[in-house]
Amino acid sequence: MRKTKHTGTFSPPFGGVGGGFSVAIDLGGTFIKIGLLQNGELIDRKEIPAQSASGLKAQLPALESEIDLFMLANQVENEAVLGIGFSFAGLVDSAVNRILSTNQKYDDGPDTDLVGWAREKWNWPLYAMNDARMALLGEWQHGAGQGCTELVAVTLGTGIGSAVLIGGELLIGKHFQAGNLGGHFVVNHKGTDCTCGNVGCVEAEASTWRLPSLLKEHPEFTESAIKGEDVLDFRALFHHAGNNDKVAKEVLEHCLSAWAAGIITMIHAFDPEMIILSGGIMKSSAVILPALQEKVNQLAWTPWGKVKLVEAKFPDSAALVGADYLVRKSLLK
Ligand SMILES: [Zn+2]
């Protein structure tokens, strides 16, 4: 933690925004991450529990006091902050910085004036963006995607998120959803009902929310050692698959095939040179990465060569790093 007192006086190296700080907020379903950054460097961070079911507006007072305490602890004056970068797990209009659509989390998001909130409370500008896009910005500028202009970022977790960079520009689309719905690419048209209303989406076939039912639907589930686990999560799945448990191995293979099918479709759609993978499930990257790379090498139609699958450099903080880049870039416009 930094103990030097920071004031509004600094010598910006470029464009008048170089020396200031940014505050990053990454609004997850279970935790809210708050970061203080300067020129892409994460100076300090904290996590607070989220109550996503009670809505976004209900969360703002706690967020205000946490940010004020955070600024105080780091001895950063309000005037030294350039703005807030706000990551949200839903569709976001990043032209006017408003949430457009949610999926079972913070459902009052579209009715919440985040820009007005930040201006009234701190007089800071606020820039909002979908969390997968924000994480892609962080990995592109400072992480695994440095130097690339064609990237796809995929988050494997409770759900599956994605974002796309083409020609060094984020793919946005007319309604701000282009490249964001890779987790809802259909990989099994006769598959499982998804939370989005469709069937057989990648995340309805293989994700943290789908895994418990996937295991229980296996005809030999009751004979498998994984039945004794308190929580049917990917940690348990990888553990039992490693012990040669038949059910765990078959369910894992199903998941790897579903993810590979989704990733190959993203490759065919967006023509990237690299796929950056992150998310809670990637804690088992030693198993996942080589298995997915092999399937992609075998099955993707890329006559120019092989798309490289890599692990994120900031699996836990890419969206915070990306938020700092977004604030600086927006102020330079
Ligand atoms: Zn879906």
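This is a predicted model, so every value here is computed, not measured. Per chain, residue numbering runs from 1 following the sequence as it is written. Note on the predicted model: pLDDT of at least 70 is required for a residue's local features to be given, and 80 or more for side-chain atom pairs to be given and counted; whole-chain, interface and lining totals, by contrast, use all residues.

Let us now look at helix H1 (residues 60-73). Note on helix geometry: an α-helix contains 3.6 residues per turn, so any two residues three or four positions apart are oriented the same way. Labels follow the DSSP assignment, with helices taken as runs of H or I lasting at least four residues and strands as runs of E lasting at least two, numbered in each case from the N terminus. In this scheme, a helix's expected span is set at 1.5 Å multiplied by one less than its residue total. For H1, built from 14 residues, the straight-helix expectation of 20 Å at 1.5 Å per residue is met to within 8% by its first-to-last C-alpha distance of 20 Å. Where H1 ends, the next residue or the one after it, Gln75, has phi of about 55 degrees, a positive value.

With that settled, the discussion passes to the sheet that holds strand S3 (residues 41-49). One bridge is not enough; two strands pair if DSSP finds at least two bridges between them. Strand order in this open sheet of 5 strands is S3-S2-S1-S4-S7, and the pairing throughout is mixed. Two strands lie at the open edges of the sheet, namely S3 and strand S7 (126-130), each paired on one side alone. Sheet twist, expressed as the mean angle between neighbouring strand axes with direction ignored, is 20 degrees. When strand S1 (residues 21-27) meets strand S4 (residues 81-88), the two strands line up parallel, connected through 7 bridges. Axis definition: a line fitted to C-alpha atoms, limited for helices to the stretch in contact. Angles are taken between N-to-C directions and run from 0 to 180 degrees.

Below, the discussion takes up the nonpolar core. By size, the foremost hydrophobic cluster in this structure holds 88 residues, and its most contacted members are Ala128, Leu136, Ala153 and Trp259. Domain borders in the structure are assigned automatically or taken from a domain database. Looking at this core, you find at least three residues from each of domain 1 (21-136 + 317-332) and domain 2 (144-311). Note that contacts rest on C-beta atoms placed from the backbone: two residues are in contact if these are within 7 Å. In contact with Trp259, other than residues within four places in its own chain, are Leu156, Val202, Ala206 and Leu292. Buried Ala, Val, Leu, Ile, Met, Phe, Trp, Tyr and Cys residues form a nonpolar core when they are connected through C-beta atoms within 7 Å. Residue burial here comes from a neighbour count, namely the number of other C-beta atoms, placed from the backbone, that lie within 10 Å of the residue's own C-beta, with 20 or more meaning buried, 12 or fewer meaning exposed, and in between meaning partly exposed.

Within the open sheet, the 5 strands sit side by side as S10-S9-S8-S11-S12. Their pairing is mixed. The sheet terminates laterally at strand S10 (169-170) and strand S12 (308-311), the two strands that pair on one side only. Bridge count for strand S8 (residues 151-156) against strand S9 (residues 160-166) is 6 bridges, and the pairing is antiparallel. Bridging from a neighbouring strand, Val152 pairs with Val164 of S9.

What follows deals with the packing of helix H3 (residues 131-142) against helix H9 (residues 318-332). Interaxial distance between H3 and H9 falls to 6 Å at its minimum, and their mutual angle equals 80 degrees. Relative to H9, the element H3 is oriented roughly perpendicular. Here Asp131, Met134, Ala135, Leu136, Leu137, Gly138, Glu139, Gln141 and His142 of H3 lie close against H9, whose contacting residues are Ala318, Ala319, Val321, Gly322, Ala323, Tyr325 and Leu326. Three classes are used: nonpolar for Ala, Val, Leu, Ile, Met, Phe, Trp, Tyr, Cys and Pro, charged for Asp, Glu, Lys and Arg, and polar for all others, with Gly counted as polar. Of the residues that constitute the contact of H3 with H9, the class distribution is 10 nonpolar, 4 polar and 2 charged. Here the angle decides the label: under 35 degrees means roughly parallel, over 145 means roughly antiparallel, 65 to 115 means roughly perpendicular, and every other value means oblique.

Moving on, we come to the domain arrangement of the chain. According to the domain assignment, the chain contains domain 1 (21-136 + 317-332) and domain 2 (144-311). Here the C-alpha centroids of domain 1 and domain 2 sit 27 Å apart. Listed by partner, the interface residues are 15 residues for domain 1 and 15 residues for domain 2. When residues of the side of domain 1 that touches domain 2 are traced back to their parent elements, those giving at least two are strand S5 (91-93) and H3. Sort the elements by how many residues they give to the side of domain 1 that touches domain 2 and H3 lands first, with 5 residues. Taken together, the residues of the side of domain 1 that touches domain 2 break down into 7 nonpolar, 5 polar and 3 charged.

Relative to the assigned elements, Pro315 resides in the loop between S12 and H9. For Pro315, a count of 20 C-beta atoms within 10 Å puts it in the buried group. Sequence separation between Pro315 and Thr155 is 160 residues, and the spatial gap between their C-alpha atoms is 9.1 Å. Residue contacts for Pro315: discarding those within four places in its chain leaves Ser278 and Met282.

Restricting attention to buried positions, one finds in helix H6 (residues 234-242) the residues Phe234, Ala236, Leu237, His240 and Ala241. Mapping the buried residues of H6 onto a view down its axis gives an arc of 155 degrees, with all of them on the same face. Looking one or two residues past H6, Asn244 carries a phi angle of roughly 70 degrees, positive in sign. Directions pointing from the helix axis toward each C-beta atom define the arc.

Here we take up the environment of Ser162. Its place among the elements puts Ser162 in strand S9. With 20 residues separating them in the primary sequence, Ser162 and Gly182 have C-alpha atoms 5.3 Å apart. Beyond its immediate sequence surroundings of up to four residues, Ser162 is in contact with Ala132, Val152, Ala153, Val154, Gly179, Asn180, Gly182, Gly183 and Met266.

For the rest of this paragraph, the subject is the packing of H6 against helix H7 (residues 246-270). Contact geometry of H6 with H7 gives a least axis separation of 7 Å together with a crossing angle of 120 degrees. It follows that H6 is oblique to H7 by the angle criterion. Considering how the two elements wind past one another, H6 and H7 form a crossing that is left-handed. Residues Leu237, His240 and Ala241 of H6 lie in contact with H7, whose contacting residues are Ala248, Lys249, Val251 and Leu252. Take the far helix as your reference; a near helix turned counterclockwise from it by less than a right angle gives a left-handed crossing, and one turned clockwise gives a right-handed crossing.

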